[in-house]
Amino acid sequence: MGSPSDPLRHPFFRTAREGAVPLIAPKELRELLEGPTPPLLLDVRSETERRWVHLANDRHLPIHTLPRETGQLPRDRPIVAYDHLGPQARRAAELLRSRGFDRAAALEGGIDEYARVVDPTLPRYREGEGERGPLLHQLPRPDTGCLAYLVTDPVAREAIIIDPGPDAAPYLETLRAGTWHLVAIVESHTHADHRAGHAALHAATDAPIYVSRRSPAQYPHRTLSDGETIDFGSEEIKVLETPGHTRDHLTLRVRDFAFTGDTLLIGSCGRTDLGDGSPDMLWESLTEKLLRLPDETEVYPAHFGPRHALPARYLSTLGFERATNEALNQGSREAFIRYMTEGWPPKPADFERIVQANLEG
Ligand SMILES: [Fe+2]
């Protein structure tokens, strides 16, 4: 899949978006800050992340507020956006450049890399530190562009996994290394682009598999419907039915995290023509359900697309997607339906076979 000039062509992404965001390496940033025209440092992280550490003399605009707050930023100074590890700052800089801030850039590797390379006095975040609630482990598969998620309660050591890939070994290793007890395997929907991994993981852990009540799954499973929850430790997953990409699509929420599967991707929405979904259903799910969640909701999709670097944590916020997502900004229901109907890459040749195999086991 893909070639050197085309790092990841996935059938869920229409095009690689144009225009690269300049990245500023930590040492380069230090030189700029000590130079005659220091850039404005813009922290785009959440309030919670900022509380832990931030750079001196910066400005703070959480990324979910940025689309409506760009008016208060200076146009006569370079701006360097930063976050924890890099990816949110890149998207912030992309937005700023699209709005005429031609000197906007992003700090490569985020404050974490800056602390490592430039300023060891800055504390570096370590997993499990402090009162951070559930811990999220994003588990990417660079070969397919899929993202699975392990969400854990660090006190009870219980975990759930969402959309695991077919090779159980790395997940089992993560579970073993963290001494996590897996209590649920959840499929956000019936996948058409890759083999699902619930069967292998269930065989190895005996954790129950959960799917939508609308899923035609033929293997042993438990069903979920709107408003239901699954407990893990003292946390819970809340179920939101969001049909559209497929009829059996679920969005899964843990506190402020929304695991949006292929209903809402970063910058786009998952196509609706590889199964039993439809653009109308997707429009209803977005406007009546998903987009009613607050702006600060963190969006964790099931796929990452071209130009989105890994392994830094890949996420967005609902506020940012509301303002910048191409699919969500078509202007009308009719235009959205046209967008979801036309212009997609060819369907994967074997998608019907993959769907059938995923339903069987
Ligand atoms: Fe999908």
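Coordinates for the structure precede this section.
Residues numbered from 1 in each chain as written. Predicted model: local features only at pLDDT ≥ 70, side-chain atom pairs only at ≥ 80, totals over all residues.

Enquirer: Would you mind showing me how to read helix α7 (residues 198-205) here?
Expert: Each full turn of the α-helix corresponds to 3.6 residues, which orients residues three or four apart in the same direction. Along α7, the residues classified as buried are His-198, Ala-199, Ala-200, Leu-201 and His-202. Buried residues belonging to α7 abut β8 (158-162), α6 (169-178), β9 (181-186) and β10 (209-212). Residue Asp-206 follows α7 closely and has a positive phi angle near 70°. (Buried ≥ 20, exposed ≤ 12 C-beta atoms within 10 Å, placed from the backbone. Helix = DSSP H or I, 4+ residues; strand = E, 2+ residues; numbered from the N terminus. Contact = placed C-beta atoms within 7 Å.)

Enquirer: Sorry, what's going on with the nonpolar core here?
Expert: The tendency in soluble globular proteins is for nonpolar side chains to be buried side by side. With 53 residues, the main nonpolar core has Tyr-149, Ala-159, Ile-160, Ile-161 and Ile-162 as its most contacted residues. A total of 6 residues in this core trace back to one element, the largest contributor, which is strand β7 (residues 146-153). Residues contacting Tyr-149, with those up to four places away along its chain left out, are Leu-136, His-137, Gln-138, Leu-139, Ile-161, Ile-162, Phe-259 and Tyr-300. Grouped together as the second largest cluster of nonpolar side chains are 25 residues, Ala-92, Leu-96, Ala-104 and Phe-320 included. (Core = buried A, V, L, I, M, F, W, Y, C linked by C-beta atoms within 7 Å.)

Enquirer: What should I look at first to understand the sheet that holds strand β17 (residues 316-317) in this one?
Expert: Either a parallel or an antiparallel arrangement is found when strands of a sheet pair, and the pairing is made through backbone hydrogen bonds. Across the sheet, which stays open at both edges, the 6 strands sit in the order β12-β13-β14-β15-β16-β17 with mixed pairing between neighbours. The outermost strands of the open sheet, each flanked by one partner alone, are β12 (229-232) and β17. Bridge count for strand β16 (residues 298-301) against β17 is 2 bridges, and the pairing is antiparallel. The residue bridging Val-299 from the neighbouring strand is Ser-316, located in β17. (Pairing = 2+ DSSP bridges.)

Enquirer: I keep staring at helix α10 (residues 333-341) and nothing clicks. Help me out?
Expert: All of the buried residues along α10 are Phe-336, Tyr-339 and Met-340. Relative to the axis of α10, the buried residues are bounded by an arc of 95° and lie together on one face. Residues Glu-334 and Ala-335 are exposed on α10 and point more than 90 degrees away from its buried face. Residues of α10 that are buried sit in contact with α8 (279-288). Of the residues flanking the end of α10, it is Gly-343, one or two places downstream, whose phi is positive at about 85°. (Arc of directions from axis to C-beta.)

Enquirer: What am I meant to see in the packing of helix α1 (residues 26-34) against helix α5 (residues 110-117) here?
Expert: The relative placement of two packed helices is expressed as an angle between their axes plus a distance between the axes. At their nearest, the axes of α1 and α5 sit 9 Å apart, and the two run at 80° to each other. Viewed along their axes, α1 and α5 adopt a mutual orientation that is roughly perpendicular. Each of Pro-26, Lys-27 and Leu-29 in α1 lies in contact with α5, whose residues at this interface are Glu-113, Tyr-114 and Val-117. Residue composition of the contact of α1 with α5, grouped by class: 4 nonpolar, no polar and 2 charged. (Axes fitted to C-alpha atoms, helices over the stretch in contact; angles between N-to-C directions. Parallel < 35°, antiparallel > 145°, perpendicular 65-115°, else oblique. Nonpolar A, V, L, I, M, F, W, Y, C, P; charged D, E, K, R; others polar.)

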